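# Working through the structure, step by step
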Amino acid sequence: MGALKLGIVSFAHGHVRVYADVMRDFEDAQIVAAWDDDEARGRQCCQEFGIDYVPDLEGLLGRQDLDAVFIASPTNRHAEHCLAAARAGKHILLQKPMALSLGDCDAIIVAVADAGVKFSLCYQMRADPVNRHMKALLDERAIGVVAVLRRRHAIPLLLNPDFTRPDNWHIDPAQNMGMFMDDASHAADFLYWMLGAPVSVMAEIDNLVTEVAPDDNGVAIYRFAGGEIGILFNSSTTLAAENTTEIYGNAGSIIQNHGDVPSANLPQLPGATSLKVWRQATGAWEIPEFPLRPHGERIRDVARPLVDYLRGRRGPLATAADGRVCIEMILGAYESARTGRRVRLGAPRP
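Keep in mind the model is a prediction, meaning the values are calculated, not measured. (Residues numbered from 1 in each chain as written. Predicted model: local features only at pLDDT ≥ 70, side-chain atom pairs only at ≥ 80, totals over all residues. Heavy atoms only, no water.)

### A few points about a nonpolar patch on the surface
Judged by side-chain polarity, Leu159, Leu208, Val209 and Leu239 come together as a nonpolar surface patch covering roughly 420 Å² of accessible area. Take Leu159: it is sitting in the loop between strand S7 (146-154) and helix H7 (173-176). Assessed through its relative accessible area of 42%, Leu159 is described here as partly exposed. (Patch = residues over 30% accessible without salt bridge, like charges linked within 9 Å, V, L, I, M, F, W, Y side chains within 5 Å. Areas by Shrake-Rupley, 256 points an atom, 1.4 Å probe, with all protein chains shown as cover. Salt bridge = Lys/Arg side-chain N within 4 Å of Asp/Glu carboxyl O. Helix = DSSP H or I, 4+ residues; strand = E, 2+ residues; numbered from the N terminus. Buried < 20%, exposed > 50% of the residue type's maximum accessible area, 1.4 Å probe, protein only.)

### Brief notes about the sheet that holds strand S4 (residues 68-71)
Read from one edge of the open sheet, six strands run S3-S2-S1-S4-S5-S6, paired in parallel fashion. Taken across any chain shown, the strands that pair with only one partner, and hence form the sheet edges, are strand S3 (52-53) and strand S6 (119-121). (Pairing = 2+ DSSP bridges.)

### Quick look at the side chain of Arg150
For Arg150, the location among the structural elements is in strand S7. A polar contact of 2.7 Å, which involves the side chain of Arg150, links it to the side chain of Asn243. For Arg150, the contacting residues outside a window of four places in its chain are Ile231, Asn243, Thr244, Thr245 and Glu246. (Polar contact = N/O pair within 3.5 Å; in protein donor to acceptor, adjacent residues only side chain to side chain. Contact = heavy atoms within 4.5 Å.)

### Structural notes on the nonpolar core
Considering soluble globular proteins, one finds that nonpolar side chains tend to be buried as a cluster. Counting residues in each nonpolar core, the largest one holds 73 residues, and the members touching the most others are Ile92 and Tyr222. In terms of residue count, the dominant contributor to this core is helix H8 (residues 179-195) (eleven residues). If we ignore the near neighbours within four places in the chain, the residues touching Tyr222 are Leu191, Pro198, Ser200, Val201, Glu228, Ile229, Gly230, Leu232, Met329, Ile330, Ala333 and Leu345. With 32 residues, the next largest nonpolar core counts Phe11, Phe26, Tyr53 and Ile299 among its residues. (Core = buried A, V, L, I, M, F, W, Y, C linked by side-chain atoms within 4.5 Å.)

### A few points about the sheet that holds strand S10 (residues 229-235)
Taken together, nine strands build an open sheet; the order of strands is S14-S13-S12-S11-S7-S10-S9-S8-S15 and the sheet is mixed. For this open sheet the edge positions go to strand S14 (284-286) and strand S15 (343-344), each flanked by a neighbour on one side alone. Of the pairings in the sheet, the one linking strand S8 (residues 198-206) to S15 comprises two bridges and is antiparallel in character. Within the sheet, the bridge partner assigned to Val201 lies in S15 and is Val343.

### Quick notes on helix H2 (residues 39-49)
Think of an α-helix as 3.6 residues a turn; residues three or four steps apart then line up on the same face. Listing the buried residues of H2 in full gives Gly42, Cys45, Cys46 and Phe49. Taken down its axis, H2 places every buried residue within 100° of arc, on the same side. Every exposed residue of H2 that faces more than 90 degrees away from the buried side is listed here: Ala40, Gln44 and Gln47. Buried residues along H2 sit against helix H1 (15-22), strand S2 (29-35) and S3. Immediately downstream of H2, the backbone of Gly50 shows phi near 65°, a positive value. (Arc of directions from axis to C-beta.)

In structure tokens, the structure reads:
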């Protein structure tokens, strides 16, 4: 089997440029062409990566040499572009979040199943070695019965004038709903990956220090089927931080540090560690040897498992069904914040 040939549907989401850069050195897969509705951006990026620019989406998806596509368009166009790719028989690697509505999620799920194509979301948290180690610890019940898991996922971008320019689709409610939808989806997927699907949510989401986007900070409290409480804190105005994840069980604790942008991209204090595990049985802290890395390295981690998935070496990072659960978690949090009520999840919604 020769090298897989991949295309890119839109360079709107910057992460796809990181994947393209990483894949320059892959021998088993290469990006060969792209389309972008912003022609200037598309041609510039294609020139940078030495790939073909195709002026129309149909032309890109009609190429017989393409096996799969990265879809990195604004979130409100994900369903449209996934359906087009599925009809063309191309495997799909979709940038998060999956969509802005459960209806669009369902349309993607049906299209992928009907076409028989592979599908994965590009959730970098599932590729990060520290996160994967925490997942393994929970799977083996290393800290017993989990009571509470708190995850912070934050960025400082709404304090950055380059990000808050009026033409940035990330802050347009029609294209991306809000920053909680855009960025908290990482942490929501993390909670779901660790604990399973939640059954309810209560939340506060609002503009606390800025007005340039529909929201800038939010906290959601999820209740899970096993009784666990998951606390999601998402902020687009956090400048510096340290502790990222806390997991408390009846036989120990897991503490992760430096796992998001404001904690990983700043100079570290002496003695900083990525992960600490307390086991009641030993009465001591264990410090697994994971290097401290800038957050961009977590994004670079994504390309290899996605290619391995397409080549049949492993499963997807996150399935379309996983993506739908995540969107229901985010939409439920928005509904709770809007109404001031607990919102039930996992059941048909009006």
